[in-house]
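Residue strings, one per chain:
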Amino acid sequence: MHDLHPSTRILAALVERVDDAQLGASTPCPDYTVGDLLDHIGRLAIAFTEAARKARGSNASRPPEGSRDHLPPDWRTRIPADVAALGAAWDDPRAWDGDTMIAGMEMPAAVVGGVALNEVVTHGWDLARAIGQPYEADHDSVVGCMEFVGPLSEPGAEAGRAPAFGPVVAARRGASPFEHLIALTGRDPEWAPR
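Reference entry: report on the structure contained in this document. (Residues numbered from 1 in each chain as written. Predicted model: local features only at pLDDT ≥ 70, side-chain atom pairs only at ≥ 80, totals over all residues. Heavy atoms only, no water.)

Its place among the elements puts Thr8 in helix α1 (residues 5–17). For Thr8, the side chain forms a polar contact with the main-chain oxygen of His5, separated by 3.2 Å. Those residues within four positions of Thr8 in sequence are excluded, and the remaining contacts are Val83, Leu86, Gly87 and Val120. (Helix = DSSP H or I, 4+ residues; strand = E, 2+ residues; numbered from the N terminus. Polar contact = N/O pair within 3.5 Å; in protein donor to acceptor, adjacent residues only side chain to side chain. Contact = heavy atoms within 4.5 Å.)

If you want it as structure tokens, here you go:
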């Protein structure tokens, strides 16, 4: 089990800080603007909450790509509430037992919980970078994410990375463990808005 609360609290606060003028800004996810990323975050919060509860719901099929056009009018309050619910859902030890469904695939629930943590941490960093806010994941969250991302970053594992991750990026010398994690997800830890 991993505690998702430290990362979900940070992500929820970041969503609340987004200004409407930033919705069209670029993000470290090349195909996503801030608005697209927010829609993706909102959808993943619901999907991974349902996965923790072993509910099929929106997880019966692969979700659509995030799109600013699908943001609900109350996104600034709804998405943080859904992100908080995500953290709470994975508090239940039963969430981590057995199998569950995510994106149309049946998987071990413990793996899905690790993926959920990584989604929250990584997209929290994406959003923070895009809107010019600081972000630093706590040690336990980085360790939990590495349990998922590390094996996908080994030589020969390239086929298992797509479409979630791009090629591994080399982190700078002296990079923090969190910066190494970001680099393993295929993101440049030095990324800044253009």
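Okay, the pairing of strand β1 (residues 99–102) next. Where a strand is regular, its side chains alternate between the two sheet faces. Relative to strand β2 (residues 105–108), β1 runs antiparallel, the two being bridged by four bridges. When the bridges of β2 are listed, Thr100 appears paired with Met107. (Pairing = 2+ DSSP bridges.)

Here we come to the side chain of Thr27. One can find Thr27 in the loop between α1 and α2 (34–52). Assessed through its relative accessible area of 2%, Thr27 is described here as buried. There is a polar contact of 3.0 Å between the side chain of Thr27 and the backbone oxygen of Cys29. Within the local environment of Thr27, its side chain forms a polar contact with the backbone oxygen of Tyr32, the two atoms lying 2.9 Å apart. Leave out the neighbours within four places in its chain, and Thr27 touches Tyr32, Thr33, Val34, Leu37, Ala130 and Trp191. (Buried < 20%, exposed > 50% of the residue type's maximum accessible area, 1.4 Å probe, protein only.)

Further remarks concern the nonpolar core. Counting 51 residues, the largest nonpolar core has Leu38, Phe48, Trp90, Leu127 and Phe178 as its most contacted members. Counting residues per element, the ones that place at least two in this core are α1, α2, α3 (75–89), α4 (109–131), α5 (139–152) and α6 (177–184). For this core, the element with the highest residue contribution is α4, accounting for 11 residues. Ignoring anything within four residues of it in the chain, the contact list for Phe178 reads Val121, Trp125, Tyr135, Glu136, Ala137 and Val142. (Core = buried A, V, L, I, M, F, W, Y, C linked by side-chain atoms within 4.5 Å.)

For the structure shown, the criterion picks out two aromatic pairs. When the centroid spacing of 4.9 Å and the interplanar angle of 70° are considered together, the rings of Trp90 and Trp96 count as edge-to-face. You can call Trp90 buried: its relative accessible area is 0%. For the ring pair Tyr135 and Phe178, a centre distance of 5.6 Å and an interplane angle of 35° mean the geometry is tilted. Taken together, the residues span a long stretch of sequence, with Tyr135 in the loop between α4 and α5 and Phe178 in helix α6 at a distance of 43 residues. Side by side, Tyr135 and Phe178 carry an identical accessibility label, which is buried. (Phe/Tyr/Trp six-rings, centres within 6.5 Å; stacked < 30°, edge-to-face > 60°.)

Here the focus is the packing of α2 against α3. Where α2 meets α3, the axes come as close as 8 Å, and the angle between the chain directions of the two elements is 30°. Taken together, the axis directions place α2 and α3 in an arrangement best described as roughly parallel. Seen from above, α2 lies across α3 with left-handed handedness. Along the contact surface, α2 presents Leu38, Ile41, Gly42, Leu44, Ala45, Ile46, Phe48, Thr49 and Ala52, while α3 presents Trp75, Ile79, Asp82, Val83, Ala85, Leu86 and Ala89. A breakdown of the residues in the contact of α2 with α3 according to their chemical character gives 13 nonpolar, two polar and one charged. (Axes fitted to C-alpha atoms, helices over the stretch in contact; angles between N-to-C directions. Parallel < 35°, antiparallel > 145°, perpendicular 65-115°, else oblique. Left-handed = near helix turned anticlockwise from the far one by under 90°. Nonpolar A, V, L, I, M, F, W, Y, C, P; charged D, E, K, R; others polar.)

Any functional reading would require information that these geometric values do not contain.
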